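Secondary and tertiary structure notes
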Amino acid sequence: MNNSNINKSITKKILITGGAGFIGSHVVRYFVNTYPDDLIFNLDALTYAGNLENLKDIQDKSNYKFVKGDITDEAFVNRLFIEYKFDSIIHLAAESHVDRSIKDPLAFAKTNILGTMVLLNAFKALWQHSWEGKRFYHISTDEVYGSLGATGFFTETTAYDPNSPYSASKASSDHFVRAYGETFGMPYVISNCSNNYGPNQFPEKLIPLFINNIINNKPLPVYGDGNYTRDWLYVMDHAVAIDLIYHEGKNGETYNIGGFNEWKNIDLVKLLCKLMDKKLGRAKGTSEKLITFVKDRPGHDLRYAIDATKINKELGWKPSVTFEEGLDKAIDWYLENEEWLTHVTSGEYQKYYNKQYGK
Ligand SMILES: Cc1cn([C@H]2C[C@H](O)[C@@H](COP(=O)(O)OP(=O)(O)O[C@H]3O[C@H](CO)[C@@H](O)[C@H](O)[C@H]3O)O2)c(=O)[nH]c1=O
């Protein structure tokens with residue numbers, strides 16, 4: 001196994017997949033602005049969840065290039081790798097919504113497993129003769145570990161035990177990345193993160209969906225009894241962790257990333273309602289009336305909680321944004337960008353970009 005880590009001082013061609021999506025767009029912007037000497041390529045299929053509007057502030061930077069394409073298109077990906085000879089990959093492109101994975105598991109296997117393998121193969125074909133200074137970084141999820149009971153934490157050595165088609169597909173892609181490391185000597189690193197929130201998140205996930213519904217006076221569908229627990233992390237803190245792991249993480253290692261910030265869904269939703277009433281100048285208790293308990297998600301994981309000691313001790317990372325600050329910033333962003341919300345939910349941006357980039 002090649003243990004050399006990434007050298008910051010040498011100009012690199014870095015491919016970020018899924019860079020037009022929620023977490024990806026924050027990572028792309030951070031890298032483009034922080035590393036002007038590196039060339040940042042953003043490969044994204046611009047599905048319903050990807051949006052170039054998310055990156056309009058950096059679209060003309062000389063160290064940034066957008067490429068529209070699907071990671072499952074093997075011939076296209078191989079051509080791209082031969083043309084640009086990427087030094088490293090930060091792989092975020094994925095189908096990510098658990099409810100969608102229950103409706104269409106195959107789409108998740110295709111993008112998350114097959115797509116990852118296409119990238120691994122293309123990277124292997126380029127560099128197998130010499131892996132020096134190269135790295136495949138797979139961005140993954142804490143859901144691969146399955147569900148916790150009322151106590152305990154996921155650590156990097158917790159056994160994988162995925163429950164949803166989404167988490168099974170991410171667990172599988174993690175395994176393939178490790179297998180390419182063991183079998184072909186590919187230098188890799190993996191991180192598994194908890195629930196992200198912040199600007200630009202597609203309003204199907206809990207926080208942006210409920211903000212959007214409160215704005216529009218629509219019901220807030222809380223699954224089951226609402227006593228499910230998630231750990232929440234502001235998306236920019238995730239982007240900073242990714243930067244640290246990419247540059248300073250050890251090859252062949254996994255890092256867990258979390259917010260040290262557990263909330264029961266129902267408590268989080270009530271807090272959101274309170275904050276939104278204040279922001280919208282509505283009477284106390286107005287938004288809470290929108291809470292509607294609905295049928296539970298099948299196979300709903302009870303609790304996720306991350307032990308982020310390793311990344312803290314080894315790389316000095318910890319979240320910088322408190323939940324109060326983060327929620328406040330996120331709510332303000334959605335209120336200031338209601339047009340974005342309308343456009344992404346109507347698919348209008350997609351039509352525009354698909355026309356512009358050909359589809
Ligand atoms: C959309 C929705 C969600 N929920 C519940 C289900 C979960 O317990 C919690 C959060 O749901 P979601 O926002 O869908 O996120 P969750 O299933 O935890 O998964 C997220 O977090 C994962 C990391 O833990 C990421 O890997 C996934 O890509 C991301 O989608 O809220 C509701 O009660 N009602 C809803 O309408």
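Residues numbered from 1 in each chain as written. Predicted model: local features only at pLDDT ≥ 70, side-chain atom pairs only at ≥ 80, totals over all residues. Heavy atoms only, no water.

An unreviewed UniProt entry lists the chain under the name dTDP-glucose 4,6-dehydratase, with Zhouia spongiae given as the organism. Of the comments in the UniProt record for the chain, the one headed Cofactor (unreviewed entry) reads "NAD(+)". (UniProt positions renumbered as here; feature names shortened; annotations may be inferred.)

**Looking at the packing of helix 2 (residues 74-84) against helix 4 (residues 105-127)**
It is the contact of helix 2 with helix 4, at a shortest axis distance of 9 Å, that shows an interaxial angle of 35°. As for how helix 2 packs across helix 4, the hand of that crossing is right-handed. Here Glu74, Val77, Asn78 and Phe81 of helix 2 lie close against helix 4, whose contacting residues are Val118, Leu119, Ala122, Phe123 and Leu126. Tallied by class, the residues present in the contact of helix 2 with helix 4 amount to 7 nonpolar, 1 polar and 1 charged. (Axes fitted to C-alpha atoms, helices over the stretch in contact; angles between N-to-C directions. Helix = DSSP H or I, 4+ residues; strand = E, 2+ residues; numbered from the N terminus. Left-handed = near helix turned anticlockwise from the far one by under 90°. Contact = heavy atoms within 4.5 Å. Nonpolar A, V, L, I, M, F, W, Y, C, P; charged D, E, K, R; others polar.)

**Thoughts on the nonpolar core**
In this structure, Ile16, Phe31, Ile90 and Ile311 are the most contacted members of the largest nonpolar core, which totals 67 residues. Excluding residues that lie within four positions of it along the chain, Ile90 makes contacts with Ile14, Leu15, Ile16, Thr17, Phe31, Tyr137, Ile139, Ile242 and Tyr246. Ranked by size, the runner-up nonpolar core spans 27 residues in total, among them Leu15, Phe41, Phe81 and Ala93. (Core = buried A, V, L, I, M, F, W, Y, C linked by side-chain atoms within 4.5 Å. Buried < 20%, exposed > 50% of the residue type's maximum accessible area, 1.4 Å probe, protein only.)

**Observations concerning the environment of Asn213**
Mapped onto the elements, Asn213 comes out in helix 6 (residues 206-215). Exposure remark for Asn213: the relative accessible area of 8% places this residue in the buried category. Along the chain, Asn213 and Leu272 lie 59 residues apart, while their C-alpha atoms are 11 Å from each other. When near neighbours in sequence (up to four residues on either side) are disregarded, Asn213 contacts Lys218, Pro219, Leu220, Pro221 and Leu290.

**What to know about the side chain of Asp87**
Assignment of secondary structure puts Asp87 in the loop between helix 2 and strand 4 (88-91). Within the local environment of Asp87, its side chain forms a polar contact with the backbone nitrogen of Lys13, the two atoms lying 2.8 Å apart. Those residues within four positions of Asp87 in sequence are excluded, and the remaining contacts are Thr11, Lys12, Lys13, Phe123, Trp127, Gly133, Lys134 and Arg135. (Polar contact = N/O pair within 3.5 Å; in protein donor to acceptor, adjacent residues only side chain to side chain.)

**Concerning the UniProt feature "domain: NAD(P)-binding" (unreviewed entry) in the chain**
On the UniProt side, "domain: NAD(P)-binding" (unreviewed entry) is annotated at positions that read residues 15-329 here. Regarding residues 15-329, the helix share stands at 40% and the strand share at 18%, and the terminal C-alpha atoms are separated by 29 Å.

**Describing the pattern of salt bridges**
Across all of its chains, the model carries 10 salt bridges by this definition. A salt bridge links Asp57 to Arg29; the nearest nitrogen and oxygen atoms lie 2.7 Å apart. With Asp57 in the loop between strand 2 (39-44) and strand 3 (64-68) and Arg29 in helix 1 (residues 22-34), the pair connects residues that are 28 residues apart, well separated along the chain. Linked by salt bridges that have partners in common, Lys279, Asp328 and Asp332 make up one network. (Salt bridge = Lys/Arg side-chain N within 4 Å of Asp/Glu carboxyl O.)

**As for the site of the ligand**
The local shell around the ligand holds 24 residues, among which Asp142, Glu143, Tyr166, Arg297 and His300 are the closest. In the environment of the ligand, a nitrogen atom lies 2.7 Å from a nitrogen or oxygen atom belonging to the backbone of Pro221. Notes on the ligand: free accessible area 690 Å², of which the protein chains cover 94%. Residue composition of the shell around the ligand, by class: 11 nonpolar, 7 polar and 6 charged. (Near = heavy atom within 4 Å. Areas by Shrake-Rupley, 256 points an atom, 1.4 Å probe, with all protein chains shown as cover.)

**Concerning the sheet that holds strand 2**
Across the sheet, 7 strands lie side by side as 3-2-1-4-5-6-10; this open sheet has parallel pairing. Pairing within the sheet leaves two strands with one partner each, and these edge strands are strand 3 and strand 10 (253-257). Direction aside, the axes of adjacent strands within the sheet are offset by 20° on average. For strand 4 and strand 5 (residues 135-141), the ladder comprises 4 bridges, and the chain directions are parallel. Each residue of the ladder has a partner; that of His91, found in strand 5, is His138. Running at roughly 160° to strand 5, helix 5 (residues 165-184) makes contact with strand 5, strand 6 (188-193) and strand 10 of the sheet. (Pairing = 2+ DSSP bridges.)

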